[in-house]
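An overview of the molecular structure
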Amino acid sequence: MISISHIQSTAETLMDKAAIEIPQDYLDGLQEAARTEDGDLSCFVLKAMLENYEAAKEDRRAMCGDTGVPRWFVKMGNDAQVEGGMIALEAALRRATAAATNGVPLRPNRVHPLWRTDHNNNVGIGAPEIEYGFEPAANAYEKADWIDLITVHKGGLFGTDYRMLFPSDGLQGIKRFYLDSLMAFGKRGLACQPAIIGIGLGGSKDICMTLGKRASTLRVVGSRNSDPRIAEMEDEFKELGNSIGMGAMGFVGKNMVIDCNIEVGYCHTGGMPMSVHAFCLSSRRAVARIHADGRVEYRTDPDWFTPYQRRETVEWEPLQEAAE
Amino acid sequence: MREIRLSTTPTAEAIADLRLGDVVYLDGLMYTAREGVYMRALEDRANIPMELPAQSAANFHCSPAARINPDGSFDMGAVTATASFRFAKWLPEWMAKTGAKLIVGKGGMTSKDYKDYFVPNGAVYLSTVGYGTGALLGRGVENVEAVHWNEELGLAQAMWVLKCKKMGPFIVASDMNGDCLFERENAKIAENVARVYEGTKPAVLKRYGESDDRTDEVI
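Report on the accompanying structure.

About the criteria used
- Residues numbered from 1 in each chain as written.
- Chains lettered and ligands numbered in written order.
- Predicted model: local features only at pLDDT ≥ 70, side-chain atom pairs only at ≥ 80, totals over all residues.
- Heavy atoms only, no water.
- Helix = DSSP H or I, 4+ residues; strand = E, 2+ residues; numbered from the N terminus.
- Rg over C-alpha atoms; globule rule 2.2 N^0.38 Å.
- Buried < 20%, exposed > 50% of the residue type's maximum accessible area, 1.4 Å probe, protein only.
- Contact = heavy atoms within 4.5 Å.
- Areas by Shrake-Rupley, 256 points an atom, 1.4 Å probe, with all protein chains shown as cover.
- Lys, Arg positive; Asp, Glu negative; His and termini not counted.
- Charge placed at Lys NZ, Arg CZ, Asp CG, Glu CD.
- Buried area = accessible area lost by both parts, 1.4 Å probe.
- Salt bridge = Lys/Arg side-chain N within 4 Å of Asp/Glu carboxyl O.
- Nonpolar A, V, L, I, M, F, W, Y, C, P; charged D, E, K, R; others polar.
- Axes fitted to C-alpha atoms, helices over the stretch in contact; angles between N-to-C directions.
- Parallel < 35°, antiparallel > 145°, perpendicular 65-115°, else oblique.
- Left-handed = near helix turned anticlockwise from the far one by under 90°.
- Core = buried A, V, L, I, M, F, W, Y, C linked by side-chain atoms within 4.5 Å.
- Domains from an automatic or database assignment.
- Pairing = 2+ DSSP bridges.

**Structural notes on the overall build of chain B**
- Of the regular secondary structure elements, chain B holds 8 helices and 9 strands.
- Computed over the C-alpha atoms, the radius of gyration of chain B is 19 Å, within 12% of the 17 Å expected from 2.2 N^0.38 for a compact globule of 219 residues.
- With the principal axes as the frame, chain B shows a C-alpha extent of 65 × 40 × 35 Å.
- Looking at the 219 residues of chain B, the share that counts as buried comes to 58%.
- Nonlocal contacts in chain B, meaning residues at least 24 apart in sequence, comprise 68% of its contacts between residues at least 6 apart.
- For chain B, the accessible area works out to roughly 8,900 Å², and carbon and sulfur atoms hold 48% of it.
- For chain B, the separation between the mean place of its 25 positive charges and that of its 29 negative charges on side chains is 3 Å.

Laid out in structure tokens, this is it:
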């Protein structure tokens, strides 16, 4: 049984870490970009960003004044039990979000869409979003009695788009919409690039958006899709995005995409829906695994897209084998 | 790149001297004003609670990550700008009313905006860098002098008065010719667009009103 006070205190620490500490994989990617950049304005911008991450850590202040929209992904091992159940867990995550908004401090971004009501704590109707995933035990001898708490503070009113493409649009159509999204939101740096670009392909409309968002926020720089042909596309699309000639803030440059991650889901046979997402220069994510015995392990890789999350079959084969 | 220290109540000469791409650090009082403040001051005709431009001629399109403590003091964390093009509707009247000479924000405005009302008002646009040098800019805030209209507008939309000391970096994104740094960069990048798009064709299902000109902008 995982205690609820443990969940809340861990969640508060995660809010703090996400807002202040740039994840190492993204930092490595941006340092590499700064090394290869030759546009003088773009170069200046990247160096300023690298200084900014240092300043944030030194001062323990948020790296960006725009908190984005703090949200939660909860992945539960199949054997996990939470004190008070999931209602208590959701309350704990909402309390942690509100407490960190005042504590770090973060900007209270969340308002009612019509009445602009602001509770000054980033909590409201549907906010923060809490999404769930489940994970089987690694084998028949272990219990998956942990939960992973992942917070993402995704920025960006810009840099995200959706389009219903069709099989006849093909790979060239996918490339074109990808370029369109980078061009449209890269100009003037509206997308806060260079970014981790996530592409969602397939699913229904809403899942297409979800896949792309998770591809940008829940996969680290340097990770590759387990489908080797999709992994090749990821390499190719990273190159393509960086060949536009546009860099940070839309200035002339060669670094627009720190990495490109693609996730797919099965879609309607007549369509090929596609979404593009940019996880900005402040790629804020933090992860903790809370074990049933109270141990907490912090990390920055959500490790969301396991073989189980990408399964294609009716039954989950490894478990079936283990049961035989 | 040139580095310049600039007052938030700058002289006309200091502004005329700025060139596109200069790096600027600000000293003096700067206030935040975005849609909430503009609507309250210009549409609801509320009295602006500052002496403008005597106290400050620098309007920051920003809301900080900050906290008002129970004792009324402030804790300033990170400071980052928000995209400015959305405020074009109010800016001409705001400038006329407040004498703002420095509009500080994200992404700049169009050269048409600059020529129509920035240049006639002797104003230029300074862009934040990144975007998201929130911690660096936060370090440049020496003190929060006041927060106006917090009750009416909430923390994010309130009018924050920041005392800046070598606050920056900012980049000069417009000049007294009304030229636009971002449009200049767009034009350079546009030369390469046809090559990047080679082999692709428009999507089979059009979007209503869609343009096929990749040199267009979305703002």
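**Observations regarding the interface of chain B and chain A**
- On the chain A side, the residues contacting the 71 residues of chain B number 60 residues.
- Buried surface at the junction of chain B and chain A, summed over both partners, amounts to about 5,300 Å²; 58% is from carbon and sulfur atoms.
- In terms of surface lost to chain A, no three residues of chain B exceed Arg139(B), Ile189(B) and Arg207(B), which account for 11% of the buried area on that side.
- Along the contact surface separating chain B from chain A lie 8 salt bridges.
- A salt bridge links Arg139(B) to Asp59(A); the nearest nitrogen and oxygen atoms lie 2.8 Å apart.
- Secondary-structure elements contributing two or more residues to the side of chain B that touches chain A are strand E4 (65-68), strand E5 (74-78), strand E7 (124-128), helix H5 (134-139), strand E9 (159-172), helix H7 (181-190) and helix H8 (193-197) of chain B.
- Per-element tally for the side of chain B that touches chain A: the top contributor is H7(B), with 8 residues.
- Taken together, the residues of the side of chain B that touches chain A break down into 32 nonpolar, 20 polar and 19 charged.

**Details of the packing of helix H2 (residues 24-36) of chain A against helix H3 (residues 40-59) of chain A**
All names here are of chain A.
- Where H2 meets H3, the axes come as close as 9 Å, and the angle between the chain directions of the two elements is 150°. Put simply, H2 runs roughly antiparallel to H3. Seen from above, H2 lies across H3 with left-handed handedness. Every residue of H3 that contacts H2 at Tyr26, Leu27, Leu30, Gln31, Ala33 and Ala34 is listed here: Cys43, Leu46, Met49, Leu50 and Tyr53.
- Here the residues of the contact of H2 with H3 are counted per class, giving 10 nonpolar, 1 polar and no charged.

**What about the nonpolar core?**
- Of all hydrophobic cores here, the largest spans 72 residues; its most connected members are Tyr26(A), Leu30(A), Tyr53(A), Trp94(B) and Phe118(B).
- Looking at which domains feed residues into this core, each of domain 1 (4-16 + 63-154 + 285-323) and domain 2 (40-53 + 156-281) of chain A gives three or more.
- Excluding residues that lie within four positions of it along the chain, Leu30(A) makes contacts with Leu46(A), Met49(A), Leu50(A), Tyr53(A), Pro194(A), Ile258(A) and Leu281(A).
- Grouped together as the second largest cluster of nonpolar side chains are 35 residues, Phe158(A), Ile174(A), Ile197(A) and Ile199(A) included.

**Quick look at the sheet that holds strand E5 (residues 195-202) of chain A**
Residue and element names in this part refer to chain A.
- Taken in spatial order, the 4 strands line up as E4-E7-E5-E6 in an open sheet, and their pairing is mixed. Only two strands of the sheet have a single partner each, and these edge strands are strand E4 (161-165) and strand E6 (257-265). Averaged over all pairs of adjacent strands, the angle between their axes in this sheet comes to 15°, without regard to strand direction.
- Each of E5 and E6 is contacted by H2, which is oriented at about 130° to E6, the strand it contacts most.

**Some details on the pairing of strand E8 (residues 284-290) of chain A**
All names here are of chain A.
- Counted residue by residue, E8 has 7 buried out of 7 residues, so it is predominantly covered.
- Of the two faces of E8, the one holding Arg284, Ala286, Ala288 and Ile290 and the one holding Arg285, Val287 and Arg289 are both buried throughout.
- Bridging between strand E3 (residues 147-154) and E8 involves 7 bridges; their strand directions are antiparallel. Paired with Leu149 across the bridge in E8 is Ala288.
- Note: E8 against strand E9 (residues 296-299), 4 bridges, orientation antiparallel. Bridge pairing in E9 places Ile290 opposite Val296.
- Count of turn residues in the E8/E9 antiparallel hairpin: 5 residues, of which Gly294 carries a positive phi of about 100°.

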